[in-house]
Amino acid sequence: MSFKGKVVRLLAGNFLPEAKVVEARDIGGFRWLRLRSNAPKARAGTKVQLLLPSDEMRTYTPIATDDGFVLVADRDAGGPGSRWMTKAHVGTLVRFVGPQESLRLPEGPVILVGDETSVAVAAAFEAERPGKVHAVLQARKVDEVEAAVRELGLSGAVVRPAGDIDGLVEAVMHARAASPTATIAVTGGSQLVVAVRSALRARGMRDVRVKTYWIPGRTGLD
């Protein structure tokens, strides 16, 4: 259990909004949960922090629905959040903090760069801005991520093998040439964020937004 989670449960546990899992399935290498909640509708780029039964707190990007939100998580991520997501079933209840601001981007088209932890935020922006999001992702298991992004409506997503920074940058440059006003946002692991931002700056791209979600050897940052 985490100190933060214990304090949140002690001071506000019964007053936090509650969500109920109403649908659960696997898509590609990800766990997909649809939850019903009376919390304010989640805008793209916001976050929710789940208070798990173990008193750990884990942060996810909600994809807004009419009566709540969808959560998507990599099944192979490990840790208490991934275990809870995998075991959650229809009827499971969870309390949470949020939605709160996490990644704010200007209105209009978006080129969202990232890894497995970026799939949900790309899908959230696509749900809010249909047809205006181009996802460029790296993945340890390309086929599993490709299957997930198709089901999430990111039909034009480009998925490259983990470590292929040159391939990611070329895909971003191609997308920016097709959509010159698009905002570029690089998200995900710290090593990816630093490498892609540096490579884009070397190509003359200075207007790059960044959001680090995790650092190797540590839990999520947001």
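Above this text is the structure in question.
Everything in this summary refers to the structure shown in the same document. Everything numeric in this text was worked out from a predicted model, so none of it was measured. (Residues numbered from 1 in each chain as written. Predicted model: local features only at pLDDT ≥ 70, side-chain atom pairs only at ≥ 80, totals over all residues. Heavy atoms only, no water.)

Brief notes about the overall build of the protein
Item 1. Scanning the protein from N- to C-terminus turns up six helices and 12 strands.
Item 2. Here the protein has a C-alpha radius of gyration of 17 Å; the compact-globule value for 222 residues is 17 Å, and the two agree.
Item 3. Along the longest, intermediate and shortest principal axes, the C-alpha atoms of the protein span 50 × 35 × 30 Å.
Item 4. When burial is assessed residue by residue, the protein has 51% of its 222 residues classed as buried.
Item 5. Partitioning the contacts of the protein with sequence separation of at least 6, the portion at a separation of at least 24 is 64%.
Item 6. When the accessible surface of the protein is summed, it comes to about 10600 Å², and 51% of that surface belongs to carbon and sulfur atoms.
Item 7. Counting 31 positive and 24 negative side-chain charges, the protein places the centres of these two groups 5 Å from one another. (Helix = DSSP H or I, 4+ residues; strand = E, 2+ residues; numbered from the N terminus. Rg over C-alpha atoms; globule rule 2.2 N^0.38 Å. Buried < 20%, exposed > 50% of the residue type's maximum accessible area, 1.4 Å probe, protein only. Contact = heavy atoms within 4.5 Å. Areas by Shrake-Rupley, 256 points an atom, 1.4 Å probe, with all protein chains shown as cover. Lys, Arg positive; Asp, Glu negative; His and termini not counted. Charge placed at Lys NZ, Arg CZ, Asp CG, Glu CD.)

Regarding unusual backbone geometry
Item 1. Following glycine 98, the chain continues into proline 99 via a peptide bond in cis, with omega recorded as 0°.
Item 2. For aspartate 55, which is not glycine, the phi dihedral falls at a positive 70°.
Item 3. Structurally, the position occupied by aspartate 55 is in the loop between β3 (46-51) and β4 (57-60).

Considering the sheet that holds β3
Item 1. The seven strands are arranged β4-β3-β7-β1-β2-β6-β5 in an open sheet whose pairing can be described as antiparallel. Across the chains shown, the open sheet's two edge strands, defined by having one partner strand only, are β4 and β5 (63-65). In this sheet, neighbouring strand axes are inclined to one another by 35° on average, regardless of whether the strands run parallel or antiparallel.
Item 2. Bridging between β3 and strand β7 (residues 93-101) involves five bridges; their strand directions are antiparallel. (Pairing = 2+ DSSP bridges. Axes fitted to C-alpha atoms, helices over the stretch in contact; angles between N-to-C directions.)

Re the pairing of strand β10 (residues 158-161)
When a strand is regular, its side chains alternate between the sheet's two faces.
Item 1. Judged from the four bridges that link them, strand β9 (residues 133-139) and β10 form a sheet pairing that is parallel. Note that in β10 the partner of alanine 139 across the bridge is proline 161.

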